[in-house]
Amino acid sequence: AEIHHHEFKVQELAVRRLCRNHRVVMVNGQFPGPTLQVRNGDSLVVKVTNAAPYNVTIHWHGIRQLRNPWADGPEYVTQCPIQPGGSYTYRFTITDQEGTLWWHAHSRWLRTTVYGALVIRPKLGSPYPFPTPKIEFPVVLGEWWDRKVISVLRQALFTGAAPNVSDAITINGQPGDLFRCSSQGTTKLIVNQGDTVLLRVINAALNQQLFFSVANHQLTVVATDAVYTKQFTTNVIMVGPGQTTDVLLTANQQPGRYYMAARAYATAKNAPFDNTTATSILEYRSANSQPILPQLPAYNDTNTVTAFSNQIKSPGYKVNVPTKIDENLFMAVGLGFFNCSPGPRCQGPNNTRFGASMNNVSFVLPRRTSLLQAYTQNIPNIYTTDFPPVPPVQFDYTGNVPRGLWQPVKGTKLYNLKFGSSVQIVLQDTSIFSTEDHPVHLHGYHFYIVGQGFGNFNPSSDTANFNLVDPPQRNTIDVPVGGWAAIRFVADNPGVWFMHCHIDTHLGWGFAMAFIVENGIGEFEILLPPPSDLPRC
Ligand code: C2O
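These figures come from a predicted structure and were not determined experimentally.

A. Quick peek at the overall build of the protein. Across its full length, the protein holds 5 helices and 32 strands. Here the C-alpha atoms of the protein give a radius of gyration of 22 Å, agreeing with the 24 Å that 2.2 N^0.38 yields for 537 residues. In terms of principal-axis extent, the alpha carbons of the protein reach across some 65 × 55 × 55 Å. Counting every position in the protein, which comprises 537 residues, the buried fraction comes to 52%. Long-range pairs, those at least 24 residues apart, make up 78% of the contacts in the protein between residues at least 6 apart in sequence.

Given below as structure tokens:
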């Protein structure tokens, strides 16, 4: 195994998109940031130097960080932010993970532009579980605002209004040919007739689920969230924020130019969304025809999404789903309203402002230190461990909810898990504001998705239908709109691990909680000591 050393310099620099320059924060002068290439079993040593005028941290999304939450990165959860002028070195090893992950800033709104791909190939000499592709190509989907992003998000977070939608979906930082002043930069992938290509599709967008499709070409799904899947072929994939999907494509069409395109899957009723289409070009060598656009589903085509996600299965080997459950949690999640005294901050109905919660708790990050430091150093009054394992009141979650039943409380509430316990979590979407699908991400773990469906979860009939044979494993579950999803994992990674909606505005509104996974007793069941350069608050 190799050790890869990298330096990340975080800086604010100007980028030109849609005919205008904007100063944005980025790494090493690159937007998107550098692609990191490693193999399973390798280690990374990334020294992050903050030359930007904002606090920053970097999160290695999906890396399990075994016994090592010190390298996970969410600010005030596992570390204090790296302050302007400061630096911190993330040291971690990739253990039994192959496929595509990514990294991003985990510090307020900065992940809008601070992100990049993290490609994990098999160990030297180990094959892929499919014919080795001729070409590998990361497809990093994002969003671009034609104004100061900080002001856009400030408006959402501080006035409690719906966020201003982005002005362009992007592919590898580029909106593509359908936008003004953008054709020159359009991402291009040049292939020879007959080539097989592995596209590593990452949804790094802030607030938007995305469909992705390539004109005239079929996509064979081989992995999601750096776990191999049963292979299946489809015309279109849907990727939620935080998720990755690896697909194989064969260049077996008429030599020509074909658009690879991305567009929103948007489920919140009457909420504005970015309805633009980002394009990149799959170009057969020396072809120069007018590119063809793929047919993308309508923005609200939930049937296509359901059919697609039902096909994602684990390949059948190495499946080890917990069957005896020690911790059975039910989390009603979604948007809600806070009372607020009349004024411009109250953009919700009847003098309220938007918030979000899990089991009626709207999560507040500490500021004095991180949760992980508070936990390991026994610092009092930073958090409580009374996160409710079931909602405080039960009702028809996806029906018409009387608002009095669902006024979130603010708190920094964590939930304790014993080392080695088997955990089941049912995530139930709610409809206080409107039903909406939520990409819920758990740090430090891959979990099995044993079931999902629409409406209210029914503990007897739905549990009876759980898939314990070949459920997929992921780190981010897109909970169906107006529905539920059930996940299972064994709490075998000690530390403090954040769980939250990967839609950035929802996270900012409080859609989050954290687990404390206690140490076990074995030598390899306890937390590693903190690095000496861990930033101070
Ligand atoms: Cu990719 Cu806590 O996030």
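Still more to cover.
B. Expanded view of unusual backbone geometry. For the bond running from F31 to P32, omega is -10°, close enough to zero to count as cis. Among the secondary structure elements, P32 is positioned in the loop between β2 (20-27) and β3 (36-39). A positive phi angle, near 65°, is found at Y76, a position not held by glycine. If you trace the backbone, Y76 turns up in the loop between β5 (58-61) and β6 (87-93). Notably, N270 is not glycine yet its phi reads approximately 60°, a positive angle. Turning to its location among the elements, N270 is positioned in the loop between β18 (257-265) and β19 (277-284). A count of 6 C-beta atoms within 10 Å places N270 in the exposed class.

C. Geometry of the sheet that holds strand β4 (residues 43-50). As summarised here, the arrangement of the 4 strands in space is β2-β1-β4-β6, forming an open sheet in which the pairing is mixed. The sheet is open, and its two borders are formed by β2 and β6, each paired with just one other strand. If you compare each strand with its neighbour and ignore which way they point, the axes differ by 25° on average. Pairing of strand β1 (residues 3-17) with β2, which is carried by 8 bridges, proceeds in the antiparallel orientation. Residue pairing for β2: A14 is matched across the bridge by R23.

D. Spotlight on the environment of Q155. As for its position among the elements, Q155 is in helix α1 (residues 149-159). With 15 C-beta atoms packed within 10 Å, Q155 lands in the partly exposed category. For the pair Q155 and S126, spaced 29 residues apart in sequence, the C-alpha separation works out to 49 Å.

E. Local environment of the nonpolar core. Ranked by size, the top nonpolar core spans 94 residues in total, and within it L141, L210 and I237 carry the most contacts. The biggest single contributor to this core is β18, with 7 residues. Two domains each donate at least three residues to this core, and these are domain 1 (1-126) and domain 2 (130-313). Beyond its immediate chain neighbours, meaning those up to four positions away, L141 contacts I169, T170, I171, V201, I202, N203, A204, A205, L210, F212, V239 and A262. The next biggest cluster of nonpolar side chains, apart from the first, holds 62 residues, and it includes L372, L417, L427 and I503.

Rules and cut-offs
Along each chain, residues carry numbers from 1 onward, in the same order as the chain's sequence is written. Restriction of local features to residues with pLDDT of at least 70 applies here, the model being predicted, together with a cutoff of 80 or more for giving and counting side-chain atom pairs; totals for whole chains, interfaces and linings are based on all residues. Strands here are runs of E lasting at least two residues and helices are runs of H or I lasting at least four, both read from the DSSP assignment and numbered beginning at the N terminus. In this treatment the radius of gyration is a C-alpha quantity, and the globule benchmark scales as 2.2 Å times the residue count to the 0.38 power. Exposure in this text rests on C-beta crowding, where 20 or more other C-beta atoms within 10 Å of a residue's own make it buried, 12 or fewer make it exposed, and counts in between make it partly exposed. The C-beta atoms are placed from the backbone. Contact criterion: two residues are in contact if their C-beta atoms, reconstructed from the backbone, are within 7 Å. In this analysis, strands are considered paired if DSSP registers two or more bridges between them. Between N-to-C directions, angles cover 0 to 180 degrees, with each direction set by a line fitted to C-alpha atoms, over the stretch in contact for helices. We define a nonpolar core as a collection of buried residues of the types Ala, Val, Leu, Ile, Met, Phe, Trp, Tyr and Cys that are connected via C-beta atoms lying within 7 Å of each other. Start and end points for every domain follow an automatic or database-based domain assignment.

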